[in-house]
Amino acid sequence: FCNLLNVGIFASNMTRIDLVLPVYNGENYIEKSIRKLHDWIKQNPDHEYNIVIAINASTDSTLNIAKKLEAELPNKIRVIDIPQKGRGVAIRTGWENSNAEICAYMDADLSADLKHITEIIDPIIKNEAQICCGSRKMQDSSVKTTLMRGVLSWIYNLTLRTTLGLKIADSQCGFKSIRTDTAKKIIPLVESNGWFFDSELLVIAQKNGFKIKAVPIKWIDDVQTTVIVPKIVTEFLTGIKRMRKNGIPEIPD
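Here's a quick rundown of the structure. (Residues numbered from 1 in each chain as written. Predicted model: local features only at pLDDT ≥ 70, side-chain atom pairs only at ≥ 80, totals over all residues. Heavy atoms only, no water.)

Re the side chain of arginine 87
Turning to step 1, where the next piece is worked out: The topology assignment puts arginine 87 in helix α3 (residues 87-96).
Turning to step 2, where the next piece is worked out: In this structure arginine 87 comes out as buried when scored by relative accessible area, which is 8%.
Turning to step 3, where the next piece is worked out: Separated by 3.5 Å, the side chains of arginine 87 and aspartate 107 make a polar contact. (Helix = DSSP H or I, 4+ residues; strand = E, 2+ residues; numbered from the N terminus. Buried < 20%, exposed > 50% of the residue type's maximum accessible area, 1.4 Å probe, protein only. Polar contact = N/O pair within 3.5 Å; in protein donor to acceptor, adjacent residues only side chain to side chain.)

A few points about unusual backbone geometry
Turning to step 1, where the next piece is worked out: Positive phi is not limited to glycine here, since asparagine 25 has a value of about 50°.
Turning to step 2, where the next piece is worked out: Looking at the secondary structure, you find asparagine 25 in the loop between β1 (16-23) and α1 (30-43).
Turning to step 3, where the next piece is worked out: On the basis of relative accessibility, which here comes to 27%, the residue asparagine 25 falls in the partly exposed class.
Turning to step 4, where the next piece is worked out: Residues other than glycine seldom take positive phi values, yet leucine 110 does so here, at roughly 55°.
Turning to step 5, where the next piece is worked out: Assignment of secondary structure puts leucine 110 in the loop between β4 (102-106) and α4 (117-125).

Scope: geometric values only; no functional claims are made or implied.
Structure representation (structure tokens):
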């Protein structure tokens, strides 16, 4: 089980935070998203925010657009070109290579309202949690999604709760933050590099006694997403079956 929180790393008023955006073939929206997020950072100077664009094996012009933005907005944007597909590998690569005190990630289409960034960061700075998750399942959440996605999400989270005991009600929400030192302890134990990455990380974190907090958020689904739902469902079920069979790993002391 993990040790008590180390309050020392947040002694400074300015906390370094990396915001990782996994992107696959996002040429239609990535520039708009990055400029919107960069504007938010300029309006919120309380901490040192940096944007990490983690591009997975994109076959369109996403990389060229990201590189242009990196050159235009130096010291605030970093581009990582990852040859492997998978949201999990993008998050993993961004977090494992971070020198910030806190890492976060958000879906690159910015489905989550940016006003909630501070709400998933502050509990970690205040040592109320080591991981903080945006949730679309809480009483004060506001969500616009399709009926199919809503039903599938409810079934999936119920399955996680009944099979692996995960207490977080919205494991797959693409809006999370974590202490970087915590991430670097857990990530080596996470096998998934795809959509199951979030769920596996949270299950391992809960098993090992890390404190996880959820906060309600406003969320509007991207209706033009290229996500293939049946493939994701299969990946989720395979991941759950694997963890049920192999057990939830514990972090060595």
